[in-house]
Each structure stands twice: as C-alpha cells, then as structure tokens.
Amino acid sequence: MINGAHVVIHSRDAEADRDFLREVLGWSHVDAGHGWLIFRAPPTEVACHPTEGAAAYELLLMCDDIEATTAELGGKGVGFTRPLQDAAWGRVTGFRLPGGAEVGLYEPRHPRA
C-alpha cells in the first residue's frame, strides 16, 4: 500500500531552500529534470517549488500501484476528493483526512531519491 511520502514546499526562494536541503542538511538528491531537485529524507522526499503566493506545503503519499492502493483504501471507506489523473510526473488523486485536510496520493513517474 503506501510506501513513502513526498512533501512539496512552495517557496518564495526555492533555490535557497534547495541549497539548504543539499548543503546544510546534506540530503542526497536526484534531478527530476530542468533543475527540479528531489531530496531523500528518511523515509520521505522533499522538493522545493517556487511560488509567487504565500509559502505553503502539501502532503502526498506515494505508492507503487495507485489502482491497487485506491481500491484498498476505498474498501476501508476512504472517499477520494478528485478523480485519478495522469500528470507528466505521475498518476495522482487525493483524499480528505477526517479533520478536513486533503492528502494527495500518487504513483510517481519521476526519479525517486
């Protein structure tokens, strides 16, 4: 089922945040293309994306087989907030936690750290 997490940090200075994760924390990383670095953080990954808006974050849980995982979660009563979508970086959907926060769920297509 869920075998990892991918945290995205929307940042007003993504390059500085990437430098911090790489240089200060010493996290290993892969380049997913065009300078988009994906960091290894046991047992999660962290990526910094630029934003013009307020700093934010989102939680995406990763799995190897999104159809099997959504079927298993659906069988446990989890309702999904959006249909399964194909994106260049993976297949994604989402669900809402009981407290109201949305969590993404995806099967990545990008290199994993």
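Report follows, based on the coordinates. None of these values were measured; they are calculated from a predicted model. Position numbers for residues count from 1 along each chain, tracking the sequence in the order it is written. Since the coordinates come from a predicted model, pLDDT governs what is reported: local features require at least 70, and pairs of side-chain atoms require 80 or more to be given and counted, while whole-chain, interface and lining totals use all residues. Each side-chain value is worked out from all heavy atoms of the structure, with water and hydrogens disregarded.

**Some details on helix α1 (residues 14–24)**
Working step 1: Only protein chains enter the accessibility calculation, which uses a 1.4 Å probe; a residue is then buried when its area is under 20% of its type maximum, exposed when over 50%, and partly exposed in between. A helix here means a DSSP run of H or I that spans at least four residues, while a strand means a run of E at least two residues long, and both kinds are numbered starting from the N terminus. Every buried residue of α1 is accounted for by A14, R18 and L21. Along the axis of α1, the buried residues cluster in a sector spanning 65°; they form a single face. Along α1, exposed side chains directed more than 90 degrees from the buried face belong to E23 and V24.
Working step 2: Residues of α1 that are buried make contact with β1 (2–11), β3 (37–41) and β4 (44–50).
Working step 3: One or two steps after α1, the chain reaches G26, where phi turns positive at roughly 70°. It is the directions from the helix axis to the C-beta atoms that the arc portrays. Residue contacts follow a heavy-atom distance rule, with two residues in contact if any of their heavy atoms lie within 4.5 Å.

**Some details on helix α2 (residues 66–75)**
Working step 1: Those residues of α2 that fall on the buried side of the exposure criterion are I66, T69, T70 and L73. The buried residues of α2 occupy an angular sector of 95° when the element is viewed end-on, so they sit on one face. Every exposed residue of α2 that faces more than 90 degrees away from the buried side is listed here: A71 and G75.
Working step 2: Residues of α2 that are buried sit in contact with β1, β5 (56–63), β6 (80–87), β7 (90–96) and β8 (102–108).
Working step 3: The definition of a polar contact used here is a pair of N or O atoms within 3.5 Å, where within protein one atom must be able to donate a hydrogen and the other to accept one, and adjacent residues in sequence count solely through side-chain atom pairs. Of the residues that open α2, the one with a side-chain oxygen 3.2 Å from the backbone nitrogen of E67 is D65.
Working step 4: Remark: G77 follows α2 within two positions and exhibits a positive phi of approximately 90°.

**A look at unusual backbone geometry**
Working step 1: Its identity as a non-glycine residue notwithstanding, H34 has a phi of 60°, on the positive side.
Working step 2: Among the secondary structure elements, H34 is positioned in the loop between β2 (29–31) and β3.
Working step 3: Look at H34 and you get exposed, because its relative accessible area is 82%.

**Quick look at the pattern of salt bridges**
Working step 1: A carboxyl oxygen of Asp or Glu within 4 Å of a side-chain nitrogen of Lys or Arg is what we treat as a salt bridge. Per the stated rule, a full pass over the model turns up nine salt bridges.
Working step 2: In this structure, D64 engages R112 in a salt bridge whose closest nitrogen and oxygen atoms are separated by 3.6 Å. Pair noted here: D64 is in the loop between β5 and α2 and R112 is in the segment after β8, with a separation of 48 residues, a long-range link.
Working step 3: R112 sits in the partly exposed class, given a relative accessible area of 35%.
Working step 4: A salt bridge links R109 to D86, with the shortest nitrogen-to-oxygen separation between them at 3.0 Å. Of this pair, R109 sits in the segment after β8 while D86 sits in strand β6; the two residues are 23 residues apart in sequence, bridging distant segments of the chain.

**Some points on the packing of aromatic side chains**
Working step 1: Stacked, tilted and edge-to-face are the three classes assigned to paired rings of Phe, Tyr and Trp, where Trp is represented by its six-membered ring and a pair needs centres within 6.5 Å; plane angles under 30 degrees give stacked, over 60 edge-to-face, the rest tilted. Scanning all chains against the criterion turns up two aromatic pairs.
Working step 2: Ring geometry for F80 and F95: centres 6.3 Å apart, planes at 85°, overall edge-to-face. One end of the pair, F80, is in strand β6; the other, F95, is in strand β7, with 15 residues separating them in the sequence.
Working step 3: For the ring pair W89 and Y106, a centre distance of 5.2 Å and an interplane angle of 75° mean the geometry is edge-to-face. With W89 in the loop between β6 and β7 and Y106 in strand β8, this pair connects stretches of sequence that are 17 residues apart.

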